[in-house]
Amino acid sequence: IYVDDILVFVDDKASPLSEADRKLFHTSVAKLLYLSKRSRLDILTAVGFLCTRVTRATVQDRLKLRRVLGYLKRTKKKTLHLKMGGVQKLLAYVDAAFAPHPDAKSQSGLAVFMGKALVFAASRKQKCVSKSPTDSELIALAIIFSFLSSLQNLLLSLRIRRLIVQ
């Protein structure tokens, strides 16, 4: 999925879906959200954006939903692998998309690995408006540092002492 295509282009002039189609759109996005949180983390950002559109879905949003469904159909053999090893190593990745939402807020994406196992992934709309792409990246970093601090405290309370955070 090319996330930029899904996030960046929001046509305010697109015609809204009928109430029945909007309810179907809402239900489909809710099911995708469940799937993306459990096993298909690769669609998390796209689904997160579609979640912001459920109350005022348009024909364009339905096409974006179909695109995600088509991607899932083409990649249904893609699986999530959980591997042990190097448990004392905590590795985090973070990225941000600058102002893709109509209210000029940015989108953050996070992935945290403990050893080789993915333990947390999220894609969220940032709560404040940033003035530049650099600002949106710094906000995303602040979010991940807060999470890592909490996770590190939890692991220390579980007596996992030697922890390398990267």
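Up top is the structure.
The present account deals with the structure reproduced in this document.

Definitions and limits used
Residues numbered from 1 in each chain as written. Predicted model: local features only at pLDDT ≥ 70, side-chain atom pairs only at ≥ 80, totals over all residues. Heavy atoms only, no water. Helix = DSSP H or I, 4+ residues; strand = E, 2+ residues; numbered from the N terminus. Expected span 1.5 Å × (residues − 1). Buried < 20%, exposed > 50% of the residue type's maximum accessible area, 1.4 Å probe, protein only. Arc of directions from axis to C-beta. Contact = heavy atoms within 4.5 Å. Pairing = 2+ DSSP bridges. Core = buried A, V, L, I, M, F, W, Y, C linked by side-chain atoms within 4.5 Å. Salt bridge = Lys/Arg side-chain N within 4 Å of Asp/Glu carboxyl O. Polar contact = N/O pair within 3.5 Å; in protein donor to acceptor, adjacent residues only side chain to side chain.

Helix length check: helix α2 (residues 19-38) (20 residues) gives 29 Å between terminal C-alpha atoms against 28 Å at 1.5 Å per residue, within 8%. Those residues of α2 not exposed but buried are R22, F25, V29, L32 and S36. Along α2, the residues classed as buried sweep out an arc of 85° about the axis, all on the same side. Among the exposed residues of α2, those pointing more than 90 degrees away from its buried face are A20, L24, K31, Y34 and R38. Residues of α2 that are buried make contact with α3 (44-51) and α4 (59-74).

Attention shifts here to the pairing of strand β2 (residues 105-114). For β2, the buried fraction is high: seven of the ten residues fall into the buried class. One ladder, built from eight bridges, connects strand β1 (residues 89-97) with β2; its direction is antiparallel. Across the sheet, the residue bridging to L91 is F113, located in β2. As judged from the nine bridges shared by β2 and strand β3 (residues 117-129), these two strands associate in the antiparallel manner. In the sheet register, K105 faces β3, and the bridge partner there is V129. Remark: two residues form the turn of the hairpin made by β2 and β3, two consecutive strands paired antiparallel; G115 in that turn has positive phi of roughly 70°.

To continue, consider α3. For α3, the tally of buried residues reaches six of eight residues, placing the bulk of the element in the interior. Burial in α3 covers these residues: L44, A46, V47, G48, F49 and L50.

This part is about the nonpolar core. With 14 residues, the main nonpolar core has F25, V29, L32, I43, L50, L65 and V68 as its most contacted residues. Listed by contribution, the elements that provide at least two residues to this core are α2, α3 and α4. Core analysis: the second largest hydrophobic core is formed by ten residues, L90, V112, M114 and L148 among them.

Within the fold, K37 resides in helix α2. The spacing of K37 and A121 is 84 residues in sequence and 7.9 Å in space, taken between C-alpha atoms.

This next bit is on the pattern of salt bridges. When charged atoms on two side chains of opposite charge get close, those side chains can pair. In the structure shown here, the tally under the stated rule is six salt bridges. For the salt bridge of E19 with R22, the shortest nitrogen-to-oxygen distance reads 3.0 Å. Of this pair, E19 and R22 both sit in helix α2, three residues apart, roughly one helical turn. A salt bridge links R40 to D42; the nearest nitrogen and oxygen atoms lie 2.9 Å apart. Several salt bridges converge on common partners, so that one network encompasses R40, D42 and K78.

For R40, the location among the structural elements is in the loop between α2 and α3. A distance of 2.9 Å separates a polar atom in the side chain of R40 from a polar atom in the side chain of D42. Among the polar contacts made by the side chain of R40, one reaches the side chain of T75 at a distance of 2.7 Å. With residues up to four places along the chain from it excluded, the contact list for R40 reads L35, Y71, L72, T75, K76 and K78.

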